[in-house]
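What follows is each chain in one-letter form.
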Amino acid sequence: MKSVLSRLAKPVALATVAVVISSLLSGLVSFDSLVYVDDGQNKRIVLTKLENPREILEEADIPLGKYDAITYSEIRNQVYSLEIDRAYPVSIKADGQQYWVPMRGETVALALERAGITLGEEDTVTPALTENVAEDTKIVVTRITYRTREEVSEIPYDTVTERTPTLKDGVTKVVTPGVPGQKTTVYEEYVVDGEVQDSKLVEERVDKNPVTEVVLLGDKTAPVSPLAAPASLTLDANGNPTSYVKKLTGKGTAYSAGDGAKTASGRNAVVGHVAVNPNIIPYGTKLYIKASDGSFTYGYAIAADTGTALMDGRVLVDLFFDTNQECYAFGAKTVDVYVLE
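Residues numbered from 1 in each chain as written. Predicted model: local features only at pLDDT ≥ 70, side-chain atom pairs only at ≥ 80, totals over all residues. Heavy atoms only, no water.

1. Side note on the nonpolar core
Alright, step 1. Counting 28 residues, the largest nonpolar core has Val274, Leu287, Ile289, Tyr298, Leu319 and Val337 as its most contacted members.
Alright, step 2. Where this core is concerned, the elements lending two or more residues are β15 (246–255), β16 (273–275), β17 (286–291), β18 (297–305), β19 (317–320), α6 (324–330) and β20 (333–339).
Alright, step 3. With near-sequence residues (within four places) excluded, Ile289 lies in contact with Val274, Thr297, Tyr298, Gly299, Ala301, Val317, Leu319, Val335, Asp336 and Val337.
Alright, step 4. Counting 15 residues, the second-largest nonpolar core is a separate cluster that includes Tyr88, Ile92, Leu112 and Val133. (Core = buried A, V, L, I, M, F, W, Y, C linked by side-chain atoms within 4.5 Å. Buried < 20%, exposed > 50% of the residue type's maximum accessible area, 1.4 Å probe, protein only. Helix = DSSP H or I, 4+ residues; strand = E, 2+ residues; numbered from the N terminus. Contact = heavy atoms within 4.5 Å.)

2. What to know about the environment of Val133
Alright, step 1. Examined against the element boundaries, Val133 turns out to sit in the loop between β7 (124–126) and β8 (138–142).
Alright, step 2. Relative accessible area serves as the criterion here: at 5%, Val133 is assigned to the buried category.
Alright, step 3. Considered as a pair, Val133 and Gly120 are 13 residues apart in the sequence and their alpha carbons are 22 Å apart.
Alright, step 4. Those residues in contact with Val133 that sit more than four places away from it in its chain are Tyr88, Val90, Met103, Gly105, Glu106, Thr107, Val108 and Ile139.

3. Section: the side chain of Asp318
Alright, step 1. Structurally, Asp318 is set in strand β19.
Alright, step 2. Of the side chains with opposite charge, Lys251 comes closest to the buried, unpaired Asp318, at an N-O distance of 9.6 Å.
Alright, step 3. One polar contact links the side chain of Asp318 to the main-chain amide nitrogen of Ala254, over a distance of 3.1 Å.
Alright, step 4. Those residues in contact with Asp318 that sit more than four places away from it in its chain are Thr253, Ala254, Tyr255, Val274, Ala275 and Leu310. (Lys, Arg positive; Asp, Glu negative; His and termini not counted. Salt bridge = Lys/Arg side-chain N within 4 Å of Asp/Glu carboxyl O. Polar contact = N/O pair within 3.5 Å; in protein donor to acceptor, adjacent residues only side chain to side chain.)

4. A look at the pattern of salt bridges
Alright, step 1. Using the criterion set out here, one finds 19 salt bridges in the structure.
Alright, step 2. A salt bridge links Glu106 to Arg114; its shortest N-O distance comes to 3.4 Å.
Alright, step 3. Each of Asp85, Arg104, Glu106 and Arg114 takes part in a single network of salt bridges with overlapping partners.

5. Focus on unusual backbone geometry
Alright, step 1. The omega torsion of the bond from Thr126 to Pro127 falls at -10 degrees, within 30 degrees of zero and hence cis.
Alright, step 2. Looking at where Pro127 falls in the secondary structure, it is placed in the loop between β7 and β8.
Alright, step 3. You will see that Gln78, though not glycine, has its phi angle at about 65 degrees, which is positive.
Alright, step 4. Locating Gln78 in the fold gives a position in the loop between β3 (69–76) and β4 (79–85).
Alright, step 5. Judged by its relative accessible area of 31%, Gln78 falls in the partly exposed class.

6. What to know about the pairing of strand β13 (residues 195–208)
Alright, step 1. Inspection of the sheet shows strand β12 (residues 181–192) paired to β13 by eleven bridges, in the antiparallel sense. Residue Glu188 lies in a different strand from β13, and its bridge partner there is Lys200.
Alright, step 2. Adjacent in sequence and paired antiparallel, β12 and β13 are bridged by two residues, among which Asp193 carries a positive phi angle near 50 degrees. (Pairing = 2+ DSSP bridges.)

7. Quick word on the sheet that holds β13
Alright, step 1. Read from one edge of the open sheet, three strands run β9-β12-β13, paired in antiparallel fashion. In this open sheet, the two edge strands, each paired with only one partner strand, are β9 (144–155) and β13. Shown here is a sheet whose adjacent strand axes are inclined to one another by a mean of 20 degrees, direction ignored.
Alright, step 2. Across twelve bridges, β9 lies against β12 in antiparallel orientation. Residue pairing across strands places Glu150 opposite Val186, the latter belonging to β12. (Axes fitted to C-alpha atoms, helices over the stretch in contact; angles between N-to-C directions.)

8. Some remarks on the confidence of the model for the chain
Alright, step 1. Here the chain averages 89 in pLDDT, and 91% of its residues register 70 or above.
Alright, step 2. Taken element by element, the chain is modelled with least confidence in helix α1 (residues 2–9), mean pLDDT 34, and with most confidence in β8, mean pLDDT 98. (pLDDT = per-residue confidence, 0-100.)

9. Let's talk about the environment of Lys173
Alright, step 1. By the secondary structure assignment, Lys173 is in strand β11 (residues 172–176).
Alright, step 2. Relative accessible area serves as the criterion here: at 36%, Lys173 is assigned to the partly exposed category.
Alright, step 3. Separated by eleven residues in sequence, Lys173 and Glu162 place their C-alpha atoms 9.9 Å apart.
Alright, step 4. In contact with Lys173, other than residues within four places in its own chain, are Leu167, Val214, Val215, Leu216 and Gln325.

10. Quick word on the sheet that holds β8
In a beta sheet, neighbouring strands are held together by backbone hydrogen bonds and run either parallel or antiparallel to one another.
Alright, step 1. Taking strand neighbours across the sheet as the criterion, the four strands line up as β6-β5-β8-β7 in an open arrangement whose pairing is mixed. Strand pairing shows two members of the sheet lacking a second neighbour, β6 (97–103) and β7, which therefore form its edges. Here the strands of the sheet are splayed against their neighbours by 20 degrees on average, with no regard to which way each runs.
Alright, step 2. Bridge analysis of strand β5 (residues 88–94) against β8 gives three bridges, and the strand direction is parallel. Its bridge partner being in β8, Lys93 is matched across the sheet by Val140.

This is the structure in structure tokens:
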């Protein structure tokens, strides 16, 4: 019995020894081994018949965590040392959350694995993945992504006002409604932890061109034809040419045609090119046309087209307009046709 007491006296507190002696004397304890248990903070003696260290801890009601490690060794005959290396919580901050994972000095990479955190190609981690952690280690994962963002926006349309003598002064009429266009702007963004740190324009494409709005504005003094008159054409105070070859007076009508249409002379069907009887006014003749009562001015024009009513003498000149609305507004008028050359 003295040998047992001598083995217990040094490593164990007197209170613990007293419990063991009391148990032995009373005959209540029967054991094969004596085990010193040390988890770094607490020390205990366990008397047991068991040999498996995990079973010994379970029997002694000493908890063992999933990531705790044990070292079990025999000090001398039937006397053992069981040391527990307890895992400690290490902080990981990622994706706006804080995680705690049990570690025992392993690498940062293992800590992330235990937390179920996967890194993207551009993500960064501090400390480095290969560094070993300590109890005060704070791991920070920074999410870095590059992404493209498309922004669809409207392209405003322009408005063009064309003065015309076909409407009363000051009256307006929309002949081509404006339609907004659409464009897509592509940006490349540098994003850190969900926050855009930098944005760069990489592409801008027009998906749909806007349609220009065309508005007619009544102005009885404005000529219809946009053709540039020769410098030799001068007008008197009443707006009539001061020099011309001859003057013809007769019925004037109006017509229009689709884009790309051609006249009988091969010229484009555009404002300023008018239809005549080429036997009276040859194609290519330069003209100046206005209403006989001074209420309308078509302006400088070129003989370029013809038609049935012109050839049979019912109409002196058929004036080309861009739109049917202008044709309807003009109707038919008595006009003076000045043959310039």
